Structure formats: structure tokens, C-alpha cells
Amino acid sequence: LFDMDGVLFNSMPNHAESWHKVMLRFGFGLSRDEAYMHEGRTGASTINIISRRERGHDATEEEIKAIYQAKTEEFNKCPMAERMPGAYEVLTKIKEEGLIPMVVTGSGQTSLLDRLNHNFPGIFKKELMVTAFNVKYGKPNPEPYLMALKKAHLQPNEALVIENAPLGVQAGVAAGIFTIAVNTGPLPDQVLWDEGANLLFPSMPAFNENWEILKNLFTSTLCLQILRKIQNDKTK
């Protein structure tokens, strides 16, 4: 279960820069690094957190609409984010091994599927994607990942979460799924560990390079669990 921004696409620098510029324009302080801490939240939630911190109350609906519209326009001025190095390579391996790659993102981009198909041809299926349109609550609520499990008819112990954001890691862990963090941004590793990451890699290329080791580890662990269950059933 792959997050999109910061995992599949190197788009977080554009998001952070856009949030920083627009919030400053509207009289709020939001640093580029802090924007990474809010990755995965809905736009309204991010705006209200900053508004409560600096003004003591939520932003109005009109303010939220204006700020988020300005942020979207600023983001659209940025160069198109490139595919994250290592992402296509590891996704290809996963697909070839008969596993199911899924996207679980807070994004509501209408061109999302076309963009994914262009950059990751033959990897993802529309019916096995979770976006902002499918859930009521965004990360760090576990709902997006629970929705992904439901769509793929999987149990939590049959999936892996790949996340770069603290809130995404928190959501994956809360859903009961083994969560791998890839620290593709400026935040200290400890921030991701503190949210409960089970493993951490410094980049997507590092995750790709270690995939075979991980796969063998998980396969061996799964086999051991099955053998133990069989033995327990025989004992019963």
C-alpha cells in the first residue's frame, strides 16, 4: 500500500514551497519543514491547525476556500514532479511476484490515474486505489488504509504500508499494518520512528535495493506462522 506524494513522486518540495508562500501571503506562518509534518492532512485541517495556533480559532469556510485555491494555483505553477527514483523498479518487482500494488493517497487530483498510468504503466488499477474521494477522514486516521484492505479483501497482516510522512506512518500503524517508512524529506528519522514505523529506509532506492531481503524475511516469517498454526490446530 503505497502513499503517493513523497513516495511515488518527488512532489513534496513543491507542496511545501506552495504552502509556505500562500500561508505567508494570508498572514500565517508555516515553514517549509513544518509543511512536511502536515503531509496527508486535508487542506482544511492544515489551515485550521495554523489558524488556531496563531489566532485562537478556526478559519472561516471562505478563508479555507480562498487559501486552498491559492495553494493549488501556486502548486500548479511548479515544475511537474518527477517519478521518485527507485519507485518504478520496486513496483515492477512487486507486480512480477504476484503481489498487489495499491495507491493510498490523500490527494484529490482528478488526473491522478492518468498520471500514475503514464509514470507507472501497467502497475495500478483504478478500482484498487484510495484517494481523497473515497474516505471521510484523512491521515492520520487509519480509514484510508482500512479502506484499501477492504477493497483488496486483505487482512492487516497480509499487507505492507510504504510511507514517507509522519501522519501516514501513524495511519498505517493505527490500521494494524506493518509500516515501512522511507525518509525522502528533511525531517529527522526519529520523527518517523516516533510515529511507530516498523522499518525505515533513507530513500526509495534503498527500499528497492533491499526488497529481496525483505521479501524473503516476510515469507520465512509467514511460513513459520503457518507451521505454528498447524501445530496448534493438531494439539487442539
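Residues numbered from 1 in each chain as written. Predicted model: local features only at pLDDT ≥ 70, side-chain atom pairs only at ≥ 80, totals over all residues. Heavy atoms only, no water.

Caption draft 1: Examining the pairing of strand E3 (residues 160-163) more closely. Where E3 meets strand E4 (residues 178-182), four bridges bridge the pair, whose relative direction is parallel. Of the residues in E4, the one forming a bridge with Leu-160 is Phe-178. Remark: the E3/helix H8 (residues 166-174)/E4 crossover connection has right-handed handedness. (Pairing = 2+ DSSP bridges. Helix = DSSP H or I, 4+ residues; strand = E, 2+ residues; numbered from the N terminus. Right-handed = clockwise from strand over helix to strand, strands pointing away.)

Caption draft 2: Quick look at the packing of helix H1 (residues 12-25) against helix H4 (residues 61-77). Following both chains from N to C, one finds H1 and H4 inclined at 135°, their axes separated by 9 Å at the closest point. Overall, the two elements H1 and H4 adopt an arrangement that is oblique. Between H1 and H4 lies a crossing of right-handed hand. Here H1 contributes Asn-14, His-15, Ser-18, Trp-19, Lys-21, Val-22, Met-23 and Arg-25 to the contact with H4, which in turn contributes Ile-67, Tyr-68, Ala-70, Lys-71, Glu-74 and Phe-75. For the contact of H1 with H4, the residue count by class is seven nonpolar, three polar and four charged. (Axes fitted to C-alpha atoms, helices over the stretch in contact; angles between N-to-C directions. Parallel < 35°, antiparallel > 145°, perpendicular 65-115°, else oblique. Left-handed = near helix turned anticlockwise from the far one by under 90°. Contact = heavy atoms within 4.5 Å. Nonpolar A, V, L, I, M, F, W, Y, C, P; charged D, E, K, R; others polar.)

Caption draft 3: Structural view of the nonpolar core. Core analysis: the biggest nonpolar cluster contains 25 residues, and Phe-2, Leu-8, Leu-116, Phe-120, Met-204 and Phe-207 have the highest contact counts within it. The leading source of residues in this core is helix H5 (residues 87-96), at four residues. Those residues within four positions of Phe-2 in sequence are excluded, and the remaining contacts are Val-7, Leu-8, Leu-91, Ile-94, Met-102, Val-103, Val-104, Ile-162, Met-204 and Phe-207. Residues Ala-16, Val-22, Ala-35 and Tyr-36 belong to the second largest nonpolar core, which totals 17 residues. (Core = buried A, V, L, I, M, F, W, Y, C linked by side-chain atoms within 4.5 Å. Buried < 20%, exposed > 50% of the residue type's maximum accessible area, 1.4 Å probe, protein only.)

Caption draft 4: How the structure looks around the packing of helix H3 (residues 43-55) against H4. In contact at an axis separation of 10 Å, H3 and H4 are set at 115° when each is read in the N-to-C sense. Viewed along their axes, H3 and H4 form a crossing whose handedness is right-handed. Along the contact surface, H3 presents Gly-43, Ala-44, Ile-47, Asn-48 and Arg-55, while H4 presents Glu-63, Ile-64, Ile-67 and Tyr-68. Considered class by class, the residues forming the contact of H3 with H4 number five nonpolar, two polar and two charged.

Caption draft 5: Region of the structure containing H4. With 17 residues, H4 ought to run about 24 Å at 1.5 Å a step, and its terminal C-alpha atoms sit 25 Å apart, in line with that. For H4, the full list of buried residues reads Ile-64, Ile-67, Ala-70, Lys-71, Glu-74 and Phe-75. Down the axis, H4 shows its buried residues gathered within 140° of arc, on one side only. Exposed positions of H4 whose direction lies more than 90 degrees from the buried face are Glu-61, Glu-62, Lys-65, Asn-76 and Lys-77. Tucked into the core, H4 has its buried residues touching H1 and H3. (Expected span 1.5 Å × (residues − 1). Arc of directions from axis to C-beta.)

Caption draft 6: How the structure looks around the sheet that holds strand E5 (residues 199-201). Taken together, the three strands give an open sheet; going across it, the order is E3-E4-E5, and neighbouring strands pair in parallel fashion. Two strands close off the open sheet at either side, each with one partner strand: E3 and E5. In this sheet, neighbouring strand axes are inclined to one another by 20° on average, regardless of whether the strands run parallel or antiparallel. Here E4 runs beside E5; their pairing, made up of three bridges, is parallel. The partner of Val-182 across the bridge, within E5, is Phe-201.

Caption draft 7: Local environment of unusual backbone geometry. In this structure, the amide linkage connecting Lys-139 to the following residue, Pro-140, adopts the cis form with an omega of 20°. With respect to the helices, strands and loops of the structure, Pro-140 is situated in the loop between strand E2 (129-130) and helix H7 (143-152).

Caption draft 8: Main features of the confidence of the model for the protein. Scored by pLDDT, the protein has a mean of 89; 91% of the residues are at 70 or more. Per-element averaging of pLDDT across the protein places helix H11 (residues 211-235) at the bottom with 71 and helix H10 (residues 204-209) at the top with 97. (pLDDT = per-residue confidence, 0-100.)

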